[in-house]
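# Chains, contacts and geometry: an overview
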Amino acid sequence: MGVENGRRPGGPSRISQWLRGRRPREAGDVADDGSRERLLLAVAAAGLPLAPAAHPSDYSCSCDRVGCPTPGQHPVSFAWQTQSTTDRAQVERWVQNQPEANFITATGMVHDVLDVPIAAGREALERLLGAGIDVGPVAESGGDRMFFFTATRGTPEDEDEWWPCALDCHPETMDEHPGLRWHCRGSYVLLPPSKLPGERSVEWVRGPEHPLPDPLTLLESLTESCAKYAGDSTGVAWPSRG
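Here's a quick rundown of the structure. Quantities reported herein were computed from a predicted structural model and do not represent experimental measurements.

## A closer look at the environment of E172
- Here E172 shows up in the loop between strand 8 (168-169) and strand 9 (181-183).
- Residue E172 is classed as exposed on the basis of its relative accessible area, which comes to 64%.
- The spatial distance from the C-alpha of E172 to the C-alpha of S187 is 9.0 Å, given a sequence separation of 15 residues.

## Topic: the nonpolar core
- Judged by nonpolar contacts, the single largest core of 22 residues is most densely connected at V135, F148, L180 and L222.
- Secondary structure elements with two or more residues in this core: strand 5 (111-117), helix 5 (118-130), strand 7 (145-151) and helix 6 (216-230).
- Counting residues per element, this core draws most heavily on helix 5, which supplies six residues.
- Here F148 is in contact with D112, V113, L114, V116, G121, L125, V135, P137, V138, L218 and L222, once residues within four sequence places are set aside.
- Counting residues in each nonpolar core, the second largest holds 18 residues, with V95, A101, A139 and F149 among its members.

## Points about the layout of surface pockets
- Approximately 920 Å³ is the volume found for the largest pocket.
- What lines the largest pocket is a set of 30 residues, among which T70, Q73, H74, P171 and Y188 lie closest to the centre.
- Counting only elements with at least two residues in the lining of the largest pocket, the list comes to strand 7, strand 9 and strand 10 (188-190).
- Looking at the lining of the largest pocket element by element, the count peaks at three residues for strand 10.
- A class-by-class count of the residues in the lining of the largest pocket yields 14 nonpolar, eight polar and eight charged.

## What about the pattern of salt bridges?
- By the definition in use, this model includes nine salt bridges.
- A salt bridge links R153 to D112; the shortest N-O distance between them is 3.7 Å. Of this pair, R153 sits in the loop between strand 7 and strand 8 while D112 sits in strand 5, and the two are 41 residues apart along the sequence. An identical accessibility class is assigned to R153 and D112; each is buried.
- With a shortest N-O distance of 2.7 Å, D115 and R145 are connected by a salt bridge. Of this pair, D115 sits in strand 5 while R145 sits in strand 7; the two residues are 30 residues apart in sequence, bridging distant segments of the chain.
- Judged by its relative accessible area of 1%, D115 is buried.

Definitions and cut-offs
Residues numbered from 1 in each chain as written. Predicted model: local features only at pLDDT ≥ 70, side-chain atom pairs only at ≥ 80, totals over all residues. Heavy atoms only, no water. Helix = DSSP H or I, 4+ residues; strand = E, 2+ residues; numbered from the N terminus. Buried < 20%, exposed > 50% of the residue type's maximum accessible area, 1.4 Å probe, protein only. Core = buried A, V, L, I, M, F, W, Y, C linked by side-chain atoms within 4.5 Å. Contact = heavy atoms within 4.5 Å. 1 Å grid on protein atoms, 1.4 Å probe; cavity = no way out; pocket = protein on both sides within 12 Å on 5 of 7 lines; lining within 4 Å. Points joined across faces, edges and corners; volume = space filled by probe spheres on them. Nonpolar A, V, L, I, M, F, W, Y, C, P; charged D, E, K, R; others polar. Salt bridge = Lys/Arg side-chain N within 4 Å of Asp/Glu carboxyl O.

Structure, rendered in structure tokens:
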């Protein structure tokens with residue numbers, strides 16, 4: 001989905017108007033199988049590996065775990081990292097055989113995801129686009145988080161190009177990063193179109209057809225916005241080579 005930049009004299013920018021005026025997509029809006037398959041195949045065509053995930057069942061989860069802490073928001077297989085693929089035929093089989101499944105994308109292979117609170121993300125997105133900075137795919141999740149898809153810092157096969165960061169976020173450390181979360185090796189995020197408990201969803205703001213940017217071109221704006229909405233910049237940790 002494109003965004004047109006511009007500002008009327010004395011009025012808000014078109015980007016700001018567009019962001020405020022978007023209606024959050026409800027769970028029922030993502031049920032169309034044809035649209036769902038096209039969206040997931042577009043992700044695979046963009047080179048982002050994906051794998052099936054659980055889906056909500058009322059306010060619980062389709063998995064067998066009693067009291068699942070993240071209903072509908074985790075892979076169905078413990079082998080999700082090796083299972084993740086961009087193979088079109090495999091994605092088509094998954095969609096056809098698992099019509100209710102959500103899908104995750106494994107980060108740290110081709111791409112990373114900078115995951116921020118939605119208010120901070122919307123402000124940063126407006127500022128970045130207004131400055132003419134190339135922003136890649138962006139998604140909103142559940143009405144409270146925004147995902148910025150970027151090129152990855154490196155993979156296990158490219159160890160010299162990978163550097164640890166205090167912002168690294170893995171599934172088991174999500175609660176430790178309430179502000180900016182950096183999903184890289186060993187992590188994942190839900191892909192649009194995914195359903196969440198409570199009639200919430202994950203949807204694209206900017207689709208996977210946009211090229212992946214270097215994460216460092218977005219990081220400053222995202223950390224500034226997160227600090228503003230947190231009311232305190234002391235909690236922002238900048239990455240450094242380790």
